[in-house]
Amino acid sequence: MKLDDLIGVIHVLAGAGDFQAGAAALVDGCLAATGARHACLSVLQGQSENRSEVRVLERGFSCPSSPPETLLRLREEAYRAAGPIFRNELAEPPGCVLFAALRIGSVPLGLLALADKPGGFEDGDLRAAQAFADLAALALRDASERRALQASMAQADRLASMGMLAAGVAHEINNPLSSLLYNLQLLGEDLPAMVSTLGRCSVALESAPSLAPSEALTALGQPRLDGILARLAAIQEGARRIKGFAAALSTFSRVEQDEVGPVRLEEAIEHASAMTFHEIKYRARLVKELERTPLVRASTGKLAQVFLHLLVNAAHAIAEGDAEANEVRVRSWTEHGAALAEVSDTGSGIAPEHLPRLFEPFFTTKDVGSSGLGLAICKKIVEGYGGTIACESEVGRGTRFRIVLPAAATHEARAGRASPVGTARGRILVVDDDAGILACFERMLGDHHELVCTASGAEARALLEGGSRFDLVFCDLMMPSVSGMDLHAWLAGHDPALAVRMVFMSGGAFTPKAREFLARVPNLRLEKPLEAEVVVGVASMMVATGRAAR
């Protein structure tokens, strides 16, 4: 083996972005150094006794999925041996083999397999294979540490973004909250007087049947009625705005949960826009042109993270003080069956020499304090969903980022649409430890179905144990003592059909156990705050389909 060959491989590994990129140089160098014609590099994945080999790279041949017993024994021996081993003159192809385990200390990480060397392997090949196996082990460890560092930096970058936006989000929530509370206070002052007036009108109508309704209305006070209606509308609008912010915050709290499914691009954009509006509005006008696009297979939280980065970058490219003269524009549309989105700004632009490195990890054109991971994370997320992200920029004119994502498969798109709603009247069990939620269900479903409301999982289980029958169960996921998960586990053993017809409700504060549970079960779930139309529709659909299946 020539020293130059080994040094050349070391240089390639040092400059490689990941282990896969350096593996080719490592394997090719080993083949050149030993004279073997075939090579296979595998790494171990999993924990302790459950670890399995995963092939990273093959040269010259494909490792058989079911190797001969002789080769299996040699592979096992190589993991136990203190150094590489070889066997020549094998009865089965490839005739001769050499195995060298990848180790850090005494911990095996993988295996380098060489085969088919003319004339067979020699002792010198053992030293060469050992050297390359050691390099591979070090590269694998470095790649693992690099991934861990990047994940840690990505988390820090995400937390920094959320911290930067937190004050603005609080401000945007406090505005509608102030209006909502003030109008509630006025209603609290007006309604007692209105009730008193209604009482007098009722007495007057009873004592004077000839009194015209218009006269009674005049006595009640039309201006006062109009004022009450206006305040109710303001309260509803304030609550709607707060709900939007809560939904956006909930989306970003679940970024680490890569729950992939059919989602709307526009939904992710709306969440990101809500979170970044306060950051943008002092610098530019936010213009949204959101056309309906095909469903894409992705995670709403991760897509929202992409648009949050792009919108914040667009805002920071524009100096404060002249918002009317500047613009941040985000739009979505469909082209050739794919979903497209674009974020553009009228900011300072990016220098041409920086554009080729824009998506590199840790590269940044911002001041000290930026991790330089934002756009690298965006690229990784988008490409992970089969899409592309590209940038155009002109110094002094602005920047434009374009994202293209393939449409979800037809069967997934259908699954993302609402199912037809039935009209059957059912018997429904509602389980929630919040009395306000139970009262809302009484108002939403009481006229359409027979409702039984309980304030705990234990109370619900006692009802079911007593023989009570239900078509459907709405159940809060997180409750003290007996949670929704506990109730589902009990039902799965006692009434599997009803366990399937449990609909879980949650405010979004999931524990790791709850996240794992929701990823495992197929049950429907509703996010709080609940929408009456959705609850009524889900109840009617589930009751109707349950009755039809019997």
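Nothing here was measured: the structure is a model prediction, and the numbers come from that model.

Draft legend 1. Seen up close, the overall build of the protein chain. When helices and strands are counted, the protein chain shows 16 helices and 17 strands. The burial tally for the protein chain puts 44% of its 550 residues in the buried class. Within the protein chain, contacts between residues at least 6 apart in sequence are counted, and of these 66% link residues at least 24 apart.

Draft legend 2. Main features of the nonpolar core. Residues Leu303, Phe307, Leu310, Ile389, Phe401, Ile403 and Leu405 are the most contacted members of the largest nonpolar core, which totals 41 residues. Of all the secondary structure elements, the ones that give two or more residues to this core are α7 (265-280), β8 (296-298), α8 (300-316), β9 (327-335), β10 (338-345), α9 (374-384), β11 (388-394) and β12 (398-405). Per-element tally for this core: the top contributor is α8, with ten residues. What phenylalanine 401 contacts, discounting residues up to four positions off in sequence, is Leu310, Ala341, Glu342, Val343, Leu358, Phe359, Leu375, Ile389, Ala390 and Cys391. Core analysis: the next-biggest nonpolar cluster, separate from the first, contains 28 residues, Cys96, Leu102, Leu114 and Ala128 among them.

Draft legend 3. View of the pairing of β10. Buried residues dominate β10, accounting for eight of its eight residues. Because side chains alternate across β10, one face comprises the buried residues Ala338, Leu340, Glu342 and Ser344, and the other comprises Ala339, Ala341, Val343 and Asp345, equally buried. Pairing of β9 with β10 involves eight bridges; the strand directions are antiparallel. Within β10, the position partnered with arginine 329 by the bridge is serine 344. Between β9 and the antiparallel strand that follows it, β10, lie two residues; histidine 336 among them carries a positive phi value of about 55°.

Draft legend 4. Looking closely at the sheet that holds β11. With mixed pairing, five strands are arranged side by side in an open sheet as β7-β9-β10-β12-β11. The open sheet has two free edges, formed respectively by β7 (285-290) and β11, since each of these has just one partner strand. Adjacent strand axes in the sheet meet at a mean angle of 10° when their direction is disregarded. Taken strand by strand, α7 contacts β7, β9, β10 and β12, and its axis lies near 175° from that of β7.

Draft legend 5. View of the side chain of arginine 75. By the element assignment, arginine 75 lies in helix α3 (residues 69-80). Excluding anything up to four places from it in sequence, arginine 75 contacts Ser42, Glu53, Phe99, Leu111 and Ala113.

Draft legend 6. Inspection of α3 at higher detail. Between its terminal C-alpha atoms α3 stretches 17 Å, which fits the 16 Å expected from twelve residues at 1.5 Å a residue. For α3, the set of buried residues is Leu71, Leu74, Arg75 and Ala78. All buried residues of α3 fall inside an arc of 100° around its axis, so they share one side. Turned more than 90 degrees away from the buried face of α3 sit Glu69 and Arg80, all of them exposed. Turning to α3, the residues buried within the fold contact β1 (38-45), β2 (52-59), β3 (85-87), β4 (97-104) and β5 (107-115).

Draft legend 7. Looking closely at the pattern of salt bridges. Inspection of the entire model under this criterion finds 21 salt bridges. The partner of arginine 59 in a salt bridge is aspartate 28, and the shortest N-O contact between them spans 2.8 Å. Placement of arginine 59 in strand β2 and of aspartate 28 in helix α2 (residues 19-34) is noted, with a sequence separation of 31 residues between them. The exposure class assigned to aspartate 28 is partly exposed, which follows from its relative accessible area of 34%. Taking the shortest distance from any N to any O, the salt bridge between glutamate 342 and arginine 331 comes out at 3.2 Å. Highlighted residues: glutamate 342 in strand β10 and arginine 331 in strand β9, separated in sequence by eleven residues. Given the relative accessible area of 6%, glutamate 342 is considered buried. Relative accessible area serves as the criterion here: at 26%, arginine 331 is assigned to the partly exposed category. Each of the salt bridges in this network shares a partner with another, and the network as a whole consists of Arg331, Glu342, Glu392, Arg400 and Arg402.

Rules used in this analysis
- Residues numbered from 1 in each chain as written.
- Predicted model: local features only at pLDDT ≥ 70, side-chain atom pairs only at ≥ 80, totals over all residues.
- Heavy atoms only, no water.
- Helix = DSSP H or I, 4+ residues; strand = E, 2+ residues; numbered from the N terminus.
- Buried < 20%, exposed > 50% of the residue type's maximum accessible area, 1.4 Å probe, protein only.
- Contact = heavy atoms within 4.5 Å.
- Core = buried A, V, L, I, M, F, W, Y, C linked by side-chain atoms within 4.5 Å.
- Pairing = 2+ DSSP bridges.
- Axes fitted to C-alpha atoms, helices over the stretch in contact; angles between N-to-C directions.
- Expected span 1.5 Å × (residues − 1).
- Arc of directions from axis to C-beta.
- Salt bridge = Lys/Arg side-chain N within 4 Å of Asp/Glu carboxyl O.

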